[in-house]
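Coordinate analysis (summary)
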Amino acid sequence: MSLSSRETIQVFPNPSALTRAAALDFITLAKAAITDHGAFNVALAGGSTPKRLYTLLADEAGGDLAAPWDKIQLFFGDERHVGPDDNDSNYRMANETLISRLHHKLPAENVHRIHAEDLDAGKAAADYEAELRSYFTAHQCLLDDFPRFDLILLGMGPDGHTASLFPGTTALFENKRWVVSNWVEKFKTHRITFTYPVLNAAAKVILFVAGRDKAEMVHEVLVTHKDSPLYPVQFVKPVDGEKVWMLDSDASGNLNASA
Ligand code: 6PG
């Protein structure tokens, strides 16, 4: 079986065009996955950039972006070490913008939340890994003993981190566990995060990046260090899948300058 890893860059004129393109891709992938194996297994990104995407998916769930949500399984690529009602919670953000607004379209059991309220972040990570192992083994969606997500949505920080894989942290070196607790010194806190083997087993990874504050790192990653990976986001390399950068013109602004 030949494996193929592809990386492409898509640039959109503004955040609205970027968001609509990503939403249409999400729905297209969902329908294809459901046709192929009866479910769409997707991991959501945290942070603030995806809010607009999740909001649009909910706004148009009954119209142009209708999807068989009863066959969509929502997971989370990372979580802050806080409870689900905390302002910093990635679950809270996704719940407010998407999950709670889908009403009865999305069964509660389709939402796989990281229980980051557990004071023991290591246990929260282990429990989430156990839930992933149970689901992906039962549904036989594995690639080289890792869960094969149909899509993993990711953001990127100005420091080149993705999920909660931050520069200089121990999780960058984890190659067996699916989910780990990761101490992030700069925030003086633990995060719970997918590891690279999970990210790289996905059929598709979308780096959904917008805003001028990301332009410098986008240039670092896609131009300056293109052939000499330095930043965590550069080690996201699907073994047999697609890595797509979906950028708005602000985030890609420095790319033009270097052309
Ligand atoms: C998180 C995310 C993180 C995020 C980037 C970009 O938990 O914060 O998983 O990787 O995607 O930090 O965040 P913004 O979208 O807020 O710029």
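Preceding this paragraph is the structure being described.
Let us look at the structure shown here. (Residues numbered from 1 in each chain as written. Predicted model: local features only at pLDDT ≥ 70, side-chain atom pairs only at ≥ 80, totals over all residues. Heavy atoms only, no water.)

Structural notes on helix α4 (residues 121–138)
Our working rule: Strands here mean DSSP runs of E at least two residues long; helices mean DSSP runs of H or I at least four residues long; both are numbered from the N terminus. Every helix has an expected span of 1.5 Å times one less than the residues it contains. A simple rule labels every residue: compare its accessible area, found with a 1.4 Å probe on the protein chains alone, to the largest value its type can have, and call it buried under 20%, exposed over 50%, or partly exposed in between. Of all possible arcs, the one meant is that of the directions from the helix axis to the C-beta atoms. We call two residues in contact when some of their heavy atoms are within 4.5 Å. Nitrogen and oxygen atoms within 3.5 Å of one another constitute a polar contact, given that in protein one can donate a hydrogen and the other can accept it, and given that sequence-neighbouring residues count only through two side-chain atoms.
In this model, α4 (18 residues) spans 26 Å end to end at C-alpha, consistent with the 26 Å of a helix rising 1.5 Å per residue. Turning to α4, its buried residues number three or more, namely A121, A124, A125, Y128, E129, L132, Y135 and F136. All buried residues of α4 fall inside an arc of 135 degrees around its axis, so they share one side. Those residues of α4 that are exposed and angled more than 90 degrees off the buried face are S134 and A138. On the buried face of α4, the contacting elements are β2 (40–44), β3 (72–76), β5 (142–143), β6 (146–147), β8 (179–184) and β9 (189–194). Measuring from the backbone nitrogen of G122 back to the side-chain oxygen at the start of α4 gives 2.9 Å, which picks out D120 as the cap. Backbone geometry just after α4 places Q140 at a positive phi near 50 degrees.

Brief notes about helix α1 (residues 15–37)
Given a rise of 1.5 Å per residue, 23 residues ought to cover 33 Å, and the 32 Å separating the end C-alpha atoms of α1 matches this to within 8%. Residues of α1 that are buried: L18, T19, A22, A23, D25, F26, I27, A30, A33 and I34. The distance from a side-chain oxygen at the start of α1 to the backbone nitrogen of S16 is 3.1 Å, and the residue carrying that oxygen is N14. Looking one or two places after α1, you find G38, whose phi comes out positive at around 80 degrees.

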